[in-house]
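Spelled out, the chains give:
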There are 4 protein chains.
Amino acid sequence: MLIVMTVNATKEEVEQVKRHIEALGLTPHAIPGAQRVAIGITGNRDVLDPSLFENLPGVLEVIPVSHPYKLVSREVKPEDTVVWVGGVPVGGGHFAVMAGPCSVEGPEQTLTTAQAVKKAGAHILRGGAFKPRTSPYTFQGLGEPGLQILRDVSREVGMPTVSEALDERSLELVVEYCDMIQIGARNMQNFSLLRLAGKARKPVLLKRGMAATVEELLMAAEYLLAEGNYQVVLCERGIRTFTDHTRNTLDLAAVVAVQRLSHLPIIVDPSHGTGKRHKVVPLARAAAAVGADGLMIEVHHNPMQALSDRAQAIVPEELAQLMNQLPTILPLTGRHLAQAQSAAAAS
Amino acid sequence: MLIVMTVNATKEEVEQVKRHIEALGLTPHAIPGAQRVAIGITGNRDVLDPSLFENLPGVLEVIPVSHPYKLVSREVKPEDTVVWVGGVPVGGGHFAVMAGPCSVEGPEQTLTTAQAVKKAGAHILRGGAFKPRTSPYTFQGLGEPGLQILRDVSREVGMPTVSEALDERSLELVVEYCDMIQIGARNMQNFSLLRLAGKARKPVLLKRGMAATVEELLMAAEYLLAEGNYQVVLCERGIRTFTDHTRNTLDLAAVVAVQRLSHLPIIVDPSHGTGKRHKVVPLARAAAAVGADGLMIEVHHNPMQALSDRAQAIVPEELAQLMNQLPTILPLTGRHLAQAQSAAAAS
Amino acid sequence: MLIVMTVNATKEEVEQVKRHIEALGLTPHAIPGAQRVAIGITGNRDVLDPSLFENLPGVLEVIPVSHPYKLVSREVKPEDTVVWVGGVPVGGGHFAVMAGPCSVEGPEQTLTTAQAVKKAGAHILRGGAFKPRTSPYTFQGLGEPGLQILRDVSREVGMPTVSEALDERSLELVVEYCDMIQIGARNMQNFSLLRLAGKARKPVLLKRGMAATVEELLMAAEYLLAEGNYQVVLCERGIRTFTDHTRNTLDLAAVVAVQRLSHLPIIVDPSHGTGKRHKVVPLARAAAAVGADGLMIEVHHNPMQALSDRAQAIVPEELAQLMNQLPTILPLTGRHLAQAQSAAAAS
Amino acid sequence: MLIVMTVNATKEEVEQVKRHIEALGLTPHAIPGAQRVAIGITGNRDVLDPSLFENLPGVLEVIPVSHPYKLVSREVKPEDTVVWVGGVPVGGGHFAVMAGPCSVEGPEQTLTTAQAVKKAGAHILRGGAFKPRTSPYTFQGLGEPGLQILRDVSREVGMPTVSEALDERSLELVVEYCDMIQIGARNMQNFSLLRLAGKARKPVLLKRGMAATVEELLMAAEYLLAEGNYQVVLCERGIRTFTDHTRNTLDLAAVVAVQRLSHLPIIVDPSHGTGKRHKVVPLARAAAAVGADGLMIEVHHNPMQALSDRAQAIVPEELAQLMNQLPTILPLTGRHLAQAQSAAAAS
């Protein structure tokens, strides 16, 4: 932490700040400049709270230096983490595609779409049974029967599954029925849910909140790791900005930022990230080119009849075309399409 | 809903859209313009999903016309709702001040601050026992013992209380110990929690999410009313923008917007809304002048020793000065400081 | 400037950074922490560029400490600046109201509105003759004839005037015809125009850009002062955010931020700041309550027939009601309505 | 335009709105819904101003339907525009790379960097002689001597040039010395400058403003076309959001949005779009993969000694690696690296 004094700060004010630091058991380091004094602090084990100092007389500004995350940091673990979902590796060069309908609507729709995305080459089947919907009057998902359908279909087509959990009860069910727990953007800072997911024995897909900084995303992941769950995949899915040509603004530079700061894999969701069907494939390509570790894409064999988010679902043919293009792009970033292995071999 | 066709849309494309509308049991109204055709839709009971139409050939844009909220709407209930917290009215001209520490840290701190805010004229005692913290390594609140302290102090000083609930368990406890349930900004779209709070028999303070539009705030409140809880107070507490001189940007115009669209009272939290102690009182005055129905303010008798959010807590003397200024401002907006009544008289 | 090294930085990397600092004629101050080293720099007269260091091996982050503005800083000049517009003081406790039509449309409209705002108590007449319009096909202002009308009306009603300049030619004309030069939000970083206005012998009203930080606003003002023009009034007029209930988000906390950092007066424009007529008066009251040094408000005696920005113009009766409320609010912030003096007495 | 009435609007209020529409010479089309009436308007040649209606009694909302741009619209001209810069085509499948130093600092630096970017395969040489700098105290560019250096170097290495114009005088010089006029992000809504550039006989590179919507970018381009200059290339260079891990947030989905709405080519500037050297190449790849028509990249043979923006300049070796990767990506979007032709052959 660095404390910057005002130009007009008195010697006594500087001394008072130093005494304040020492009273906390820390060591002040005064750095006298031509115009003003700055005071560095050392000796702290944890990140200090700027508000400890910013209302002291003569203090102009308090600048945090350390970052508050630890376990997720690449400084702590330099090598990439590989997360195994069923037998599918994500990260460490393995590029995994999660695809499927926004919502599980019924056995036929789920099977039809699952077979299509499997055929196109996707690795993991996505499908929501618990839907966080802005309006209480819209379709909220099938609940546990939806998860049963997802599991049955997943066994039939041979793909591991990921589905969103919203609260304690749905989390227990997702852990029971699926291979990966999704924590959605609206729950990225639902710390109760994060703690529960941190205790679960299944990998977690953690989506970035619409107004979350990269640091906050990493801190949310830190909750999971602090509870003992190291199998975490992050997901960039668009942030909220003033722009109105898309539902969200996909922040692809966040992929590069996360990969420098953390060892966790990060994938991109261009479906929610744009909210527009015609933008999904171009942005998916861009995500691969920027160096993401995978994609999550909504696919529906008949988007016009989907019960939710139909504006952003692509059809299986579009997914197939995208999957055909990925092997051209991935080597440019040192990646390759993931190869599913048996769960036994993976462990 | 209005569907705007491209300039080059063919007659057949227009007909196809009309047939699509009719197939949904609705009525299309073509509006032929000089350059292009637009098609209005009537006959729907619920809000239509734009994605039903926006990928049809020849469609340029789909514009929603209706708003998806009902029970919270001033169109449905023109007169202001008055929410009673203990015996304190909020809304309908009654301006209520909620004040107290960010966190309940112990009996002495809570009592000292409570006596001070009571003396200054505040109506409702705030204090967190369950704290949503960005880092898993920082103080997370005292939990149930904190709520017990808050209840004991509230009885001693004679003020109703409000405290934040994060999940099912903490909600049950807040309902048991407090007079009002706070749903924080990070949980504004935690729909599971909203449903539970909607079933509770205590009034709810619903804070606007950092990236939530006014419409999304009203939809979140709609969840509460749809479950039968009509005692809802909204709270503007700052949104996330590019600005860096404050932690959030307090959007005071949202107060006016909400009051036009909804009958629910709306208060302002200038503590979180700015994150800076020296900005709290000026923005609190501004909130009163814009026409808010109350304030929520963090006060600590010794901010430097507070365990959380100390940068934004004001001291009791600052609160007292603010309370002295409010009676000058409030009549300009047709409001007055709330007068606490016995809970019996209120019901 | 503070350079933060990575946890794994080698001694040699630390030494290299120190040598780099010394090679620039500056002094490094290593601050060894438990986890990592930070290096403070002193000896620089000007603000250093972070990019001088941030790509050196072992460097995690470079944190600027000083602020790049000087002449506008309250550290340099602690007392408030009072800007005189004609005989009207702005700042230093004097609260000035600038009001009038968005555009000068003709002699009658301008005179009618001017008489009305004068009668309501406004101090300075605003009216645009050069309009920056998003579309090339909309009314762009009357140009020089508009300024002539504004001057004639100003003499008839006895009010000084302010009008916007867009480029070199219009700046010369505004200087010739008006008492104050307005630099609009879209030109806040038009540095050529700022330099010209800095050389002019008329006070300048500098509006904050839609995406400008407070620091960037102060730096734009620094351009004016650096050219010798110290008569500068800043103006908060709303920033661009994700919100859609107003055209812009009025950032009233910026008023407090500017007043701490700078001695220059700052006023608020609730007309552009909200873009909605029904929000103008509430936000104007809020601006007075937060401690602004004045207001700029669009008024039209018949908004429905205005040629530009009619959605946000209030009628003279609304202005009169606002002016009646201001004397109640202003003493709470140590301010009073400005009293026009003769220009001779003022100088 | 669509006018939405409130649920409680009276028949008389509906009639009044209709009369108001007719009084403007237009035709109202009432659409009676179950809950409320909406009124469509036809007969207008230009885009209507919503404020004509939104303060009428009973009006809830006014929704614009048409877009205000014409000449830039793909509805008017469906086929891609190809812009020729010197003999280099941009758009219509031709992917062009503009590279070079942020600022022209001297003959040697410019020549060294130009030779390196030419060798790497870049098509157009960029270099600033007039720099819009936030602070009046930092390097502002060499001015006309800088343009002379740029021209001499461009002749020596055989590359056309692009350089930024800030005002009338610098525009004249850029037209004289360079092959393409750059209008920077801060001047995107400097309408005086746009009009002058629209009259120039050189192609224009128009950068998106930091807070500009896609529609505003197209409207700014409309100014250029309306003055007769159809040789316009747009440029996405990052927008301002709450994120802090990059200087700006690169909005790659805007490329897709622009290409649907307009026939003009659009390139991407990942240097300003990220502000961080290590993010430039990944985002450049992503821009190619999303379907952009080119890139603008800052390159310096010795970034640490650059006089401006050194944090974001890549070295020639990085550019060369990127250029090697582009031919792999471009065919996926139906594009290819541009082939320079002689200017004569091009015309």
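No experiment lies behind these values; they were computed from the predicted model shown.

Student: Which residues make up the overall build of chain A, and what values do they have?
Tutor: A tally of helices and strands in chain A yields 11 helices and 15 strands. Expressed as a percentage of its 347 residues, the buried residues of chain A come to 64%. Across chain A, contacts joining residues at least 24 apart in sequence account for 68% of those joining residues at least 6 apart.

Student: Run through the interface of chain B and chain A, naming residues and quoting values.
Tutor: Listed by partner, the interface residues are 44 residues for chain B and 44 residues for chain A. Here chain B meets chain A over a buried area of about 3900 Å², counting both sides, of which 50% is carbon and sulfur. Scanning the region where chain B abuts chain A turns up four salt bridges. Inspection of the chain B/chain A interface yields 20 residue pairs in polar contact (both at pLDDT 80 or more). The set of elements that each furnish at least two residues to the side of chain B that touches chain A consists of helix H4 (168-177), helix H5 (191-199) and helix H6 (214-226) of chain B. A total of five residues in the side of chain B that touches chain A trace back to one element, the largest contributor, which is H6 of chain B. Tallied by class, the residues present in the side of chain B that touches chain A amount to 18 nonpolar, 11 polar and 15 charged.

Student: Could you give an account of helix H6 (residues 214-226) of chain D, naming the residues involved and the relevant values?
Tutor: Residue and element names in this part refer to chain D. If you check H6, its first and last C-alpha atoms are 18 Å apart, about what 13 residues at 1.5 Å a residue would give, namely 18 Å. Burial of H6 is extensive: 11 of the 13 residues sit out of reach of the surface. For H6, the complete set of buried residues consists of Val214, Glu216, Leu217, Leu218, Met219, Ala220, Ala221, Glu222, Tyr223, Leu224 and Leu225. Where H6 is buried, its residues contact helix H5 (191-199), strand E11 (204-207), strand E12 (232-236) and helix H7 (253-261). Gly228 sits one or two residues past H6 and shows a positive phi near 110°.

Student: I'd like to hear about the interface of chain D and chain B, residue by residue, with values.
Tutor: Contacts between the two partners involve 22 residues from chain D, matched on the other side by 22 residues from chain B. Of the roughly 2100 Å² buried between chain D and chain B, counting both surfaces, carbon and sulfur atoms make up 63%. Remark: the boundary between chain D and chain B carries zero salt bridges. Between the two partners, chain D and chain B, sit two residue pairs in polar contact (both at pLDDT 80 or more). Of the residues assigned to the side of chain D that touches chain B, the class counts are 10 nonpolar, eight polar and four charged.

Student: So what's going on with helix H5 (residues 191-199) of chain A? Which residues, and what values?
Tutor: Within H5 of chain A, the full set of buried residues consists of Phe191, Ser192, Leu193, Leu194, Ala197 and Gly198 of chain A. Against the buried residues of H5 of chain A lie helix H4 (168-177), strand E10 (180-183), strand E11 (204-207) and helix H6 (214-226) of chain A.

Student: Before we move on, could you go through the environment of Thr138 of chain D and cite the residues and values that matter?
Tutor: Residues and elements named next belong to chain D. Residue placement: Thr138 occurs in the loop between strand E8 (124-126) and helix H3 (144-157). Separated by 170 residues in sequence, Thr138 and Ser308 place their C-alpha atoms 8.7 Å apart. Only 3.0 Å separates the side chain of Thr138 from the backbone oxygen of Ser135, close enough to count as a polar contact.

Student: Pulling in residues and values, what's your account of the pattern of salt bridges?
Tutor: Residue and element names in this part refer to chain A. For the structure shown, the criterion picks out 56 salt bridges over all chains. With a closest N to O distance of 2.6 Å, Asp269 and Lys207 form a salt bridge. Separated by 62 residues along the polypeptide, Asp269 in the loop between strand E13 (266-268) and helix H8 (270-274) and Lys207 in strand E11 bring together distant segments of the chain. The exposure class of Asp269 is buried, given its relative accessible area of 0%. Look at Lys207 and you get buried, because its relative accessible area is 3%.

Student: Pulling in residues and values, what's your account of the packing of H5 of chain D against H6 of chain D?
Tutor: Residues and elements named next belong to chain D. At a minimum axis distance of 7 Å, the contact between H5 and H6 shows a crossing angle of 40°. In terms of their interaxial angle, H5 and H6 are classed as oblique. Where H5 crosses over H6, the handedness of that crossing is right-handed. Contact residues: H5 offers Phe191, Leu194, Arg195, Ala197 and Gly198, while H6 offers Ala220, Tyr223 and Leu224.

Student: Can you break down the relation of the copies chain B and chain A residue by residue, with the values?
Tutor: Between chain B and chain A, the superposition needs a rotation of 180° and an axial shift of 0.0 Å, giving an RMSD of 0.0 Å. In symmetry terms, the pair is related by a two-fold rotation axis. Looking at the rotation axis and the C-alpha trace of chain B, the residue lying nearest is Ala211 of chain B, at 2.8 Å. Both copies contact each other with a shared surface, as 100% of the interface residues of chain B are interface residues in chain A too.

Student: Quick one: what's the story with the relation of the copies chain D and chain B, residue by residue and with numbers?
Tutor: These two copies of the chain differ by a rotation about an axis and a displacement along the same axis. You can overlay chain D on chain B at an RMSD of 0.0 Å; the transform is a turn of 180° with a shift of 0.0 Å along its axis. Taken as a fraction of all interface residues of chain D, those also at the interface in chain B reach 100%, which identifies the copy contact as same-surface.

Student: Any details on the packing of aromatic side chains? Residues and values, ideally.
Tutor: The tally for this structure, following the rule as stated, stands at four aromatic pairs over all chains. Ring centres of Phe191 of chain C and Tyr223 of chain C lie 4.6 Å apart, and the angle between their planes is 20°; on these two criteria the pair is classed as stacked. In this pair, Phe191 of chain C is assigned in helix H5 (residues 191-199) and Tyr223 of chain C in helix H6 (residues 214-226), connecting sequence segments 32 residues apart. For the residue pair Phe191 of chain C and Tyr223 of chain C, the accessibility class agrees, reading buried in each case. The residue whose ring lies beneath Lys70 of chain B is Tyr137 of chain A, and the NZ or CZ to ring-centre distance is 5.1 Å.

Student: Describe the pairing of strand E1 (residues 2-5) of chain D, and please don't skip the residues or the numbers.
Tutor: Across a regular strand the side chains alternate sides, sitting on one face of the sheet and then on the other. Residue and element names in this part refer to chain D. Residues of E1 alternate between two faces, with Leu2 and Val4 on one and Ile3 and Met5 on the opposite face, all of them buried. When E1 meets strand E3 (residues 37-42), the two strands line up antiparallel, connected through three bridges. Paired with Leu2 across the strands is Gly40, a residue of E3. Of the pairings in the sheet, the one linking E1 to strand E4 (residues 59-63) comprises four bridges and is antiparallel in character. When the bridges of E4 are listed, Val4 appears paired with Glu61.

Student: Let's hear about the nonpolar core: which residues, and what values?
Tutor: The biggest cluster of nonpolar side chains holds 161 residues, and the ones touching the most others in it are Leu252 and Leu319 of chain B together with Leu252 and Leu319 of chain C. Of all hydrophobic cores here, the second largest spans 160 residues; its members include Val72, Met219, Leu234 and Val290 of chain D.

Student: So what's going on with the sheet that holds strand E1 (residues 2-5) of chain B? Which residues, and what values?
Tutor: All names here are of chain B. Overall, antiparallel pairing links the four strands, which are arranged E2-E3-E1-E4 in an open sheet. Bordering the open sheet on either side are strand E2 (27-32) and strand E4 (59-63), each of which pairs with just one other strand. Shown here is a sheet whose adjacent strand axes are inclined to one another by a mean of 20°, direction ignored. Docked against the sheet, helix H1 (residues 11-23) engages E1, E2, strand E3 (37-42) and E4, running at close to 5° with respect to E3.

Student: I'd like to hear about the sheet that holds strand E2 (residues 27-32) of chain A, residue by residue, with values.
Tutor: Each strand in a sheet pairs with its neighbour through backbone hydrogen bonds, running either in the same direction (parallel) or in the opposite one (antiparallel). All names here are of chain A. If you walk across this open sheet you meet the four strands as E2-E3-E1-E4, and the pairing is antiparallel. Each edge of the sheet is formed by a strand with only one pairing partner; in this case those strands are E2 and strand E4 (59-63). Shown here is a sheet whose adjacent strand axes are inclined to one another by a mean of 20°, direction ignored. Note that E2 and strand E3 (residues 37-42) share six bridges and pair antiparallel. When the bridges of E3 are listed, Pro32 appears paired with Val37. Packed on one face of the sheet, helix H1 (residues 11-23) meets strand E1 (2-5), E2, E3 and E4 and runs near 5° to E3.

What counts and what doesn't
Residues numbered from 1 in each chain as written. Chains lettered and ligands numbered in written order. Predicted model: local features only at pLDDT ≥ 70, side-chain atom pairs only at ≥ 80, totals over all residues. Heavy atoms only, no water. Helix = DSSP H or I, 4+ residues; strand = E, 2+ residues; numbered from the N terminus. Buried < 20%, exposed > 50% of the residue type's maximum accessible area, 1.4 Å probe, protein only. Contact = heavy atoms within 4.5 Å. Buried area = accessible area lost by both parts, 1.4 Å probe. Salt bridge = Lys/Arg side-chain N within 4 Å of Asp/Glu carboxyl O. Polar contact = N/O pair within 3.5 Å; in protein donor to acceptor, adjacent residues only side chain to side chain. Nonpolar A, V, L, I, M, F, W, Y, C, P; charged D, E, K, R; others polar. Expected span 1.5 Å × (residues − 1). Axes fitted to C-alpha atoms, helices over the stretch in contact; angles between N-to-C directions. Parallel < 35°, antiparallel > 145°, perpendicular 65-115°, else oblique. Left-handed = near helix turned anticlockwise from the far one by under 90°. Least-squares fit on C-alpha atoms with pLDDT ≥ 70 in both. Phe/Tyr/Trp six-rings, centres within 6.5 Å; stacked < 30°, edge-to-face > 60°. Lys NZ or Arg CZ within 6 Å of the ring centre and 35° of its normal. Pairing = 2+ DSSP bridges. Core = buried A, V, L, I, M, F, W, Y, C linked by side-chain atoms within 4.5 Å.

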